[in-house]
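As a plain string of letters, each chain reads:
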Amino acid sequence: MPVETKTIDVLDGLNWRYATKKFDATKKIPASAWEKVEAGLRLSPSSFGLQPYRFVVITDPKIKEQLVPISYEQRQVADCSHLVVLCRLDVLTEEHVNHLVDVASKTRNTPPEAMQPIKERMIGYINRLSKEELENWMAKQAYIALGNLMTVASSLQIDNCPMEGISQADYDRVLDLPSKGCRSLVACALGYRAEDDKYQNLAKVRFPASELFIHIN
């Protein structure tokens, strides 16, 4: 059952959202709304603009059900409308940098040679990192995208729940991610809250701004 969606103020959306524990499996995100979610996710910022990630979007009920046992039996992955698995690239290569430079050159109508300095900086940076450092760096970029995903979804009043409680190795296996050149990091369930999800009525708990912010003027 598709749901009518509307865009609300960003802060109103963030106050409205909570980590949805129970989704209404009968309610599906309309295609027009999902297009906006994907557009917002695509616009996520990343260091150097390298976008060292992939977003696996799952709506197949059978696949989602297979993921429940490897998600610590959390039903959100099966009952949500759309499940997004955010992944880092398996490896980040010079070819990836070259591809980005080519896309940027065509998008901005800039001669490739004009981008040679930034290209060398990017290649120099990734080559200086160890395998573990590079994987951690790519993961950080994906988490920036996760925050963006939840903000965009909330502004459309689409419920969402980030889920680190997944078996990454099993997700990689079930979704055949290595063949797609990526590895799972974190999932995010999106859809619409069930009417009897008790968590939606709890007051939002945040430290006061005076404890969180340090202003240096």
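A brief structural summary. (Residues numbered from 1 in each chain as written. Predicted model: local features only at pLDDT ≥ 70, side-chain atom pairs only at ≥ 80, totals over all residues. Heavy atoms only, no water.)

### Describing the packing of helix α5 (residues 94-107) against helix α6 (residues 116-128)
Thinking step 1. Look at α5 against α6: their axes get within 10 Å of each other, and the N-to-C directions meet at 155°. As far as their axial angle goes, α6 and α5 are roughly antiparallel. The interaxial crossing formed by α5 with α6 has right-handed handedness. Across the interface between the two elements, E94, V97, N98, L100 and V101 from α5 touch K119, M122, I123, I126 and N127 from α6.
Thinking step 2. Its residues assigned to classes, the contact of α5 with α6 shows six nonpolar, two polar and two charged. (Axes fitted to C-alpha atoms, helices over the stretch in contact; angles between N-to-C directions. Helix = DSSP H or I, 4+ residues; strand = E, 2+ residues; numbered from the N terminus. Parallel < 35°, antiparallel > 145°, perpendicular 65-115°, else oblique. Left-handed = near helix turned anticlockwise from the far one by under 90°. Contact = heavy atoms within 4.5 Å. Nonpolar A, V, L, I, M, F, W, Y, C, P; charged D, E, K, R; others polar.)

### Quick notes on the environment of Y72
Thinking step 1. Relative to the helices and strands, Y72 is located in the loop between α3 (61-67) and α4 (76-79).
Thinking step 2. When the C-alpha positions of Y72 and P111 are compared, they lie 50 Å apart, and in sequence the two are 39 residues distant.
Thinking step 3. Excluding anything up to four places from it in sequence, Y72 contacts G165 and I166.

### A look at the nonpolar core
Thinking step 1. Ranked by size, the top nonpolar core spans 23 residues in total, and within it I29, V84, L86, L149, I158, C188 and L190 carry the most contacts.
Thinking step 2. Mapped onto this core, the elements with two or more residues apiece are α2 (31-42), β2 (82-89), α7 (131-155) and β4 (182-191).
Thinking step 3. Sorting elements by how many residues they give to this core places α7 first, with eight residues.
Thinking step 4. By size, the runner-up hydrophobic cluster in this structure holds 21 residues, among which are I58, L83, C87 and C161. (Core = buried A, V, L, I, M, F, W, Y, C linked by side-chain atoms within 4.5 Å. Buried < 20%, exposed > 50% of the residue type's maximum accessible area, 1.4 Å probe, protein only.)

### Re the pattern of salt bridges
Thinking step 1. Under the defined criterion, the tally for this structure stands at ten salt bridges.
Thinking step 2. Its salt-bridge partner being E135, residue R88 comes within 3.6 Å of it at the nearest N-O pair. Here R88 is found in strand β2, whereas its partner E135 is found in helix α7, with 47 residues between them in sequence.
Thinking step 3. The residue R173 makes a salt bridge to D170 at a minimum N-O spacing of 3.2 Å. Here R173 and its partner D170 are both found in helix α8 (residues 168-174), three residues apart, which amounts to about one turn of the helix.
Thinking step 4. Each of the salt bridges in this network shares a partner with another, and the network as a whole consists of E65, R75 and D79. (Salt bridge = Lys/Arg side-chain N within 4 Å of Asp/Glu carboxyl O.)

### Quick notes on the sheet that holds β2
Thinking step 1. As summarised here, the arrangement of the four strands in space is β1-β2-β4-β3, forming an open sheet in which the pairing is antiparallel. Across the chains shown, the open sheet's two edge strands, defined by having one partner strand only, are β1 (53-58) and β3 (159-163). For this sheet, the mean inter-axis angle between neighbouring strands, taken without regard to orientation, is 25°.
Thinking step 2. Where β3 lies against β4, five bridges are found, and the strand directions are antiparallel. Along β4, the bridge assignment pairs D159 with G191. (Pairing = 2+ DSSP bridges.)

### Here we look at the packing of α2 against α7
Thinking step 1. Look at α2 against α7: their axes get within 9 Å of each other, and the N-to-C directions meet at 150°. Taken together, the axes of α2 and α7 lie roughly antiparallel to each other. Crossing geometry of α2 relative to α7 is assigned as right-handed. Touching K36, V37, G40 and L41 of α2 are A145, N148, L149 and V152, all from α7.
Thinking step 2. Taken together, the residues of the contact of α2 with α7 break down into five nonpolar, two polar and one charged.

### Considerations on the packing of aromatic side chains
Thinking step 1. Overall, the coordinates contain three aromatic pairs when judged by the stated rule.
Thinking step 2. Here F48 and Y125 contribute two aromatic rings whose centre-to-centre distance is 5.5 Å and whose plane-to-plane angle is 55°, an arrangement assigned as tilted. Of this pair, F48 sits in the loop between α2 and β1 while Y125 sits in helix α6; the two residues are 77 residues apart in sequence, bridging distant segments of the chain.
Thinking step 3. Judged by its relative accessible area of 30%, F48 falls in the partly exposed class.
Thinking step 4. Overall, the relative accessible area of 25% leaves Y125 in the partly exposed class.
Thinking step 5. Members of the aromatic cluster, joined through ring pairs, are F48, Y125 and W137. (Phe/Tyr/Trp six-rings, centres within 6.5 Å; stacked < 30°, edge-to-face > 60°.)

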